[in-house]
Amino acid sequence: MRDSKRLELFEKLNREHAPFINAVMWKLTADADLFAEALQYAMLGIWQNLEKLTGPKAGAYIYRIALSANSKAWRNRTGKNGQIPITKPPENDALDEETLTIVRKEIAKLPEQQSQAIVMRYIEQSDYRLIADKLDCTEDTARSHVSKALNALRNNLAGKNLQES
Amino acid sequence: MNSEKLKQILNKIGQADVPPDIALLAGQVSRNFSAALKIPRPQHWFLTPVRLLAAAAVIVFAFALGRWSKPIPPKITIYASQSPSRLTAQSNNDSFWQQKTMAAMQSRPYAQSTGNLLNLYKQYLKEKQND
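These figures come from a predicted structure and were not determined experimentally. (Residues numbered from 1 in each chain as written. Chains lettered and ligands numbered in written order. Predicted model: local features only at pLDDT ≥ 70, side-chain atom pairs only at ≥ 80, totals over all residues.)

What about the interface of chain B and chain A?
Here is step 1 of the chain: Listed per partner, the contact involves 23 residues of chain B and 32 residues of chain A.
Here is step 2 of the chain: Taken together, the elements giving at least two residues each to the side of chain B that touches chain A come down to helix H1 (3-14) and helix H2 (20-38) of chain B.
Here is step 3 of the chain: Looking at the side of chain B that touches chain A, its residues break down into 14 nonpolar, five polar and four charged. (Contact = placed C-beta atoms within 7 Å. Helix = DSSP H or I, 4+ residues; strand = E, 2+ residues; numbered from the N terminus. Nonpolar A, V, L, I, M, F, W, Y, C, P; charged D, E, K, R; others polar.)

What follows is the structure in structure tokens.
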């Protein structure tokens, strides 16, 4: 595909999926710098996989790219200084915001399919049929991914001193 | 942390409002990324087929020139033919010193030429003999 055609297709995909990508990215990062970094990774992923994004499964691919970009951004951030960015919350909600940030970070560490499944199920509030469709698997497998993701999250969070509000 | 609590936290993350300025930030990131894609990439001009062919032609032509060129023949002076007035012991002027003088007046190709080493050596022997 010629570069001009690729650029045209990229901008079209970007326009179509930008609201969805922005919303998911923001919910998973809640930090402007992290959001911008994840968005850049997502755009790079879209540009590199443009050929795959022309078919009917484009939405599922974009979902995968967005979550993979989110994981990369979190990995970079925690890799630099080990600190997690925490958005300044209202005073009475401070510790709860820290909990949310830790959970976001743990979601980014999950295996790709589990991460996608749990984000679709609990953050996007999608039903299992839609999750199965996007993950290209059966509904039972989608349930299994969500269940495994919840268990993994629970185990990973067990060792951390979280605010039980 | 129990399952229900975790689900509540996940739901809370899902219900987080997206601030309106995020769309602006996203637009800015998107514009920067698109602008970076539009920067023309440098091409490896030296790898284009036409230039490769031209370079090959130049190399072949240079070798061919070397193959077809002929060496410049060396300037050989034949000692015997250039000494018609050479005097010998049997001539009328048979004075020893006169012969020496005449020999000293002859040209000396050995001292002047820069040709083949063997020929030079032969010439040197001749001149030595004449001296």
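Description of the packing of helix H6 (residues 128-135) of chain A against helix H7 (residues 139-158) of chain A
When two helices pack together, their arrangement is captured by the angle between the axes and the distance separating the axes.
Residues and elements named next belong to chain A.
Here is step 1 of the chain: Closest axis-to-axis distance for the H6/H7 pair is 8 Å, and the angle between their directions is 95°. Classed by the angle they form, the pair H6 and H7 counts as roughly perpendicular. Counted together, Tyr128, Arg129, Ile131, Ala132 and Leu135 of H6 and Glu139, Thr141, Ala142, Arg143 and His145 of H7 form the full contact between these two elements.
Here is step 2 of the chain: Grouping the amino acids of the contact of H6 with H7 by side-chain chemistry returns five nonpolar, two polar and three charged. (Axes fitted to C-alpha atoms, helices over the stretch in contact; angles between N-to-C directions. Parallel < 35°, antiparallel > 145°, perpendicular 65-115°, else oblique.)

Considering unusual backbone geometry
Excluding glycine, residues mostly carry a negative phi; peptide bonds, for their part, are mostly trans.
Residue and element names in this part refer to chain A.
Here is step 1 of the chain: Positive phi outside glycine occurs at Ala30, with the angle close to 55°.
Here is step 2 of the chain: Relative to the elements of secondary structure, Ala30 occurs in the loop between helix H1 (3-29) and helix H2 (32-48).
Here is step 3 of the chain: By the C-beta count within 10 Å, which is 21 here, Ala30 ends up buried.
Here is step 4 of the chain: In the Ramachandran plot, Gln125 falls in the positive-phi region, its phi being about 60° despite a non-glycine side chain.
Here is step 5 of the chain: In this fold, Gln125 is placed in the loop between helix H5 (112-123) and H6.
Here is step 6 of the chain: For Gln125, a count of 11 C-beta atoms within 10 Å puts it in the exposed group. (Buried ≥ 20, exposed ≤ 12 C-beta atoms within 10 Å, placed from the backbone.)

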